[in-house]
Amino acid sequence: MSWITKTFTSSIGRKIIMSLTGLFLCTFLVVHLIGNLQLFKHDQGAAFNTYSHFMGTNPVIRTIEWGLVLGFGFHIFEAWALTRRNKAARTQGYAQWHAEKNSEWTSRNMGILGTIILIFLLVHLYNFFWRARFGGLPKVGGANPEVRDLDNLYLAVVDSFHVWWYVLLYVLAQISLGYHLWHGFRSGFQTLGLNHRKYTPLIKYVGYAFAVVVSAGFASMPLYFFLFTNPQGEIAANAPSLLHTIASAF
Amino acid sequence: MAGSNPNAKPMNLTLNVWRQPNRTAPGKIVEYHVKDISPDMSFLEMLDVLNEDLLHAGQDPVAFDHDCREGICGSCDLFINGRSHGPEKGTTTCQLHMRKFSDGDTITIEPWRASAFPVNKDLSVDRSAFDRIIQAGGYVSVNTGGAPDGNEIPIPKEISDRAFEAATCISCGACVAACKNASAMLFVSAKVSQLALLPQGQPERKTRVENMVAQMDKEGFGACSNIGSCAAECPVGISLENIAILNREFLAAKATSNNLA
Ligand code: HEM
Ligand code: SF4
Ligand code: FES
């Protein structure tokens, strides 16, 4: 083995890959969340369909997409490799074990939380990404020449978010993601050695805020469409205006 | 926290103790009863009482590790009621007093559990994996010749304080025992940052961290998930900041050392 492979198969090296990919995925979440806010524009999906057309066809985005595939791939692979190593490090367990007295639940259950995220991810990718890219969604149609030839992903979103178990899966997955980030955000910095008495408390609270905003933001989408739109994607009069206000800022 | 109470009543306790005849034989939890335990006794003295009872009854006493009994050697590696060194924060087992328990309590006592720490017998654990990690790099080279003057090398007070904090690690292994991953990162990080902070540690700075981490992995300890059980259970309060220092020492050494192997 060369020094490079030795470095990145060592326990610390694997964790460094874990944290770099994890923090990279955090930046992806920001972009994905802001982009999806177009769903709240109250325009029958015009802005959202334009945005998703851009994301699906722009060569720069399509290239970055491969980075995302690698990011997820390495993150998941290292999660598996580290979990295996950590299990082997204690084959005989304790009769009594009170880790809840010395640590947070989320930090001890990153693997379970990650697995829920992974299951969600596969369903999510099939449902939206796969159908948008390869599935031949119906066109928007209608009179507006700017959007009528675009794939109507908005309506696919509306359809999915009227299925109760789908909404449930989304919300559960976002709660898991929230907990994953609750620990993961600050943990990623610590793994990279970025710990300083001046900044670590800040990183911790930014991480908590990030976890809450991101998971609540994503969870709001299925809930909003389930509760406040009809199957044609028309917004009910009593829908809360906050999300629309936020979306209009972008 | 109640101090020693001369009127405190002696306690009767039920003990669930891990018994294992040797390294390879399977072990099991065995129930014992001890009577008239003074609240002023240390936990180890309570076990001495149990062992006297066992000897009088012609049975094999419980093997457990201990040496200084004053909280400095790090030998007394007992996992008590699901926690390293029992319920009290910042103490070794020898400094844990029976007044932390109540009459009628059931106490479960197990050895450290880690693949890298095999059980010798009962509660006695082989922690020589730690010695091999230290041998791999936890030292500084010293020149022969006349002894250098004590204050010859200037070291800022803040640096010497931080190095000293890291140096207080007593190699007890409570961090490994408490960690879900049986990771030795807190122990290794204490040694690495202590020496990385001091001028005397500079000659071996890069090889030290490379070799100690390689040995840590070879011994079969787990990786760090930044859970923090280790620091919470460490009897001397080694902080997680040391693990961050270890991570960056490792990364910097790997990126810049001349070692291609
Ligand atoms: C958008 C999705 C995800 C994001 C943003 C994310 C982010 C993170 C971050 C920032 C960390 C901290 C890294 C560190 O401790 O240094 C982490 C750790 C972890 N992630 Fe993820 N993750 C995601 C998905 C997943 C998935 C799908 C899995 C598993 C199948 C997973 C499993 C884990 C595990 C097991 C850890 C802890 C590793 C350890 O400390 O030993 N994650 N994640
Ligand atoms: S870091 Fe703390 S718990 Fe770990 S061996 Fe050193 S003194 Fe014991
Ligand atoms: S016996 Fe030495 S620290 Fe407890």
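Residues numbered from 1 in each chain as written. Chains lettered and ligands numbered in written order. Predicted model: local features only at pLDDT ≥ 70, side-chain atom pairs only at ≥ 80, totals over all residues. Heavy atoms only, no water.

Within an unreviewed UniProt entry, the label attached to chain A reads Succinate dehydrogenase cytochrome b subunit, and the organism entered is Hymenobacter ruricola.

Draft legend 1. Summary view of the domain arrangement of chain B. Residues and elements named next belong to chain B. When its domains are assigned, chain B resolves into domain 1 (11–121) and domain 2 (128–256). The partner domain 2 presents 17 residues to the 18 residues of domain 1 that form the contact. The junction of domain 1 with domain 2 conceals about 1,300 Å² of combined surface from both sides, 57% of it contributed by carbon and sulfur atoms. Where domain 1 touches domain 2, the interface holds one salt bridge. Here E233 ties to R83 by a salt bridge, and the two come within 2.6 Å at their closest N and O atoms. Scanning the region where domain 1 abuts domain 2 turns up six residue pairs in polar contact (both at pLDDT 80 or more). (Domains from an automatic or database assignment. Contact = heavy atoms within 4.5 Å. Buried area = accessible area lost by both parts, 1.4 Å probe. Salt bridge = Lys/Arg side-chain N within 4 Å of Asp/Glu carboxyl O. Polar contact = N/O pair within 3.5 Å; in protein donor to acceptor, adjacent residues only side chain to side chain.)

Draft legend 2. A look at the sheet that holds strand β2 (residues 28–37) of chain B. All names here are of chain B. Spatial strand order, β2-β1-β5-β3-β4: five strands in an open sheet with mixed pairing. Unpaired on one side and paired on the other, β2 and β4 (83–84) mark the two borders of the sheet. Bridging between strand β1 (residues 11–19) and strand β5 (residues 106–111) involves four bridges; their strand directions are parallel. Looking at the pairing, V17 lines up with I109 of β5. Across the sheet, helix α1 (residues 43–56) is in contact with β1, β2, β3 (78–80) and β5; its angle to β2 comes to roughly 100 degrees. (Pairing = 2+ DSSP bridges. Helix = DSSP H or I, 4+ residues; strand = E, 2+ residues; numbered from the N terminus. Axes fitted to C-alpha atoms, helices over the stretch in contact; angles between N-to-C directions.)

Draft legend 3. Region of the structure containing the coordination of the iron atom of ligand 1. All names here are of chain A. Each protein donor to the iron atom of ligand 1 is listed here as H75 (NE2) and H180 (NE2); together their distances run 2.0 Å. Its six donor atoms give the iron atom of ligand 1 angles of 87 to 179 degrees at the centre, a pattern that matches the octahedral case. Placement of H75 in helix α4 (residues 59–88) and of H180 in helix α8 (residues 164–191) is noted, with a sequence separation of 105 residues between them. Residue H75 is classed as buried on the basis of its relative accessible area of 15%. Residue classification places H180 among the buried residues on the basis of a relative accessible area of 14%. (Donors = N, O, S within 2.8 Å, 3.2 Å for Na, K, Ca; no water. Tetrahedral: all angles 85-135°; square planar, octahedral: opposite > 155°, others 65-115°. Buried < 20%, exposed > 50% of the residue type's maximum accessible area, 1.4 Å probe, protein only.)

Draft legend 4. Spotlight on the site of ligand 2. Residue and element names in this part refer to chain B. C169, C172, G173, C175 and C234 are the nearest of the 14 residues found near ligand 2. Taken atom by atom, the bulk of ligand 2 overlaps the second largest cavity. For the shell around ligand 2, the elements supplying multiple residues, two or more each, are α4 (174–178) and α5 (185–197). Residue composition of the shell around ligand 2, grouped by class: 12 nonpolar, two polar and no charged. (Near = heavy atom within 4 Å. 1 Å grid on protein atoms, 1.4 Å probe; cavity = no way out; pocket = protein on both sides within 12 Å on 5 of 7 lines; lining within 4 Å. Sits in = over half its atoms within 2 Å of the grid points. Nonpolar A, V, L, I, M, F, W, Y, C, P; charged D, E, K, R; others polar.)

Draft legend 5. Fine view of the UniProt feature "transmembrane region" (unreviewed entry) in chain A. The residues that UniProt annotates with the feature "transmembrane region" (unreviewed entry) are residues 20–40, 60–82, 110–129, 163–182 and 202–227 of chain A. In residues 163–182 of chain A, the share of helix is 95% and the share of strand is 0%. The end C-alpha atoms are 29 Å apart. (UniProt positions renumbered as here; feature names shortened; annotations may be inferred.)

Draft legend 6. Region of the structure containing the pairing of β1 of chain B. All names here are of chain B. The buried count for β1 comes to eight of nine residues, which makes it a mostly enclosed element. Note: β1 against β2, eight bridges, orientation antiparallel. By the bridge assignment for β2, L13 is matched with V34.

Draft legend 7. Spatial organisation of empty space enclosed by the protein. Residue and element names in this part refer to chain B. The tally for this structure, following the rule as stated, stands at three cavities of 30 Å³ or more. Quantified by volume, the largest cavity comes out at close to 100 Å³. The wall of the largest cavity is formed by C179, S183, M185, L186, C224, S225, N226, I227, G228, S229, C230 and I243. Sorting the residues of the lining of the largest cavity by element identifies α5 and α7 (229–233) as the ones contributing at least two each. Each residue belonging to the lining of the largest cavity can be placed in one class, and the counts come to seven nonpolar, five polar and no charged. What the second largest cavity holds in volume is close to 80 Å³. As for the second largest cavity, its lining consists of 13 residues, of which C169, C172, C175, C234 and I238 are closest to the centre. Where the lining of the second largest cavity is concerned, the elements lending two or more residues are α4 and α5. Partitioned by chemical class, the residues of the lining of the second largest cavity number 11 nonpolar, two polar and no charged. (Points joined across faces, edges and corners; volume = space filled by probe spheres on them.)

Draft legend 8. Local environment of the interface of chain A and chain B. At the interface, 37 residues of chain A touch 50 residues of chain B. In total, about 3,700 Å² of surface goes out of reach between chain A and chain B, with carbon and sulfur atoms giving 51% of it. Its salt-bridge partner being R85 of chain A, residue D217 of chain B comes within 3.4 Å of it at the nearest N-O pair. Here chain A and chain B share 30 residue pairs in polar contact (both at pLDDT 80 or more) between them. Of all elements in the fold, only α1 (3–9), α2 (11–36), α4, α5 (105–108) and α8 of chain A reach the threshold of two or more residues within the side of chain A that touches chain B. Here the element with the most residues in the side of chain A that touches chain B is α2 of chain A; it accounts for five residues. When its residues are assigned to classes, the side of chain A that touches chain B shows 10 nonpolar, 20 polar and seven charged.

Draft legend 9. Quick peek at the layout of surface pockets. As a volume, the second largest pocket reaches approximately 460 Å³. If you go around the second largest pocket, you meet 23 residues; those closest to its centre are R186, Q190 and T200 of chain A together with N226 and L240 of chain B. Residues belonging to the lining of the second largest pocket are distributed by class as follows: eight nonpolar, 11 polar and four charged.

Draft legend 10. View of the confidence of the model for chain B. On average, residues of chain B score 95 in pLDDT, and 97% of them are at 70 or above. Taken together, the chains of this predicted complex give a pTM of 0.94 and an interface ipTM of 0.94. (pLDDT = per-residue confidence, 0-100.)

Draft legend 11. Geometry of unusual backbone geometry. Residues and elements named next belong to chain B. With a phi close to 50 degrees, N81 is a non-glycine residue in the positive phi region. Even without being glycine, D122 reaches a positive phi, approximately 45 degrees. Mapped onto the secondary structure, D122 falls in the loop between β6 (119–121) and β7 (124–125). Exposure remark for D122: the relative accessible area of 2% places this residue in the buried category.

Draft legend 12. Structural detail: the site of ligand 1. Neighbouring ligand 1 are 23 residues, the closest being K15, H75, H180, S187 and T191 of chain A. The environment of ligand 1 is shared, with nearby residues belonging to chains A and B. H75 of chain A is positioned such that a nitrogen or oxygen atom in its side chain is 2.8 Å from a nitrogen atom of ligand 1. H180 of chain A is positioned with one of its side-chain polar atoms (N or O) 2.8 Å from a nitrogen atom of ligand 1. Broken down by secondary-structure element, the contributors of at least two residues to the shell around ligand 1 are α2, α4, α6 (110–134) and α8 of chain A. Along the lines of polarity and charge, the residues of the shell around ligand 1 split into 10 nonpolar, 12 polar and one charged.

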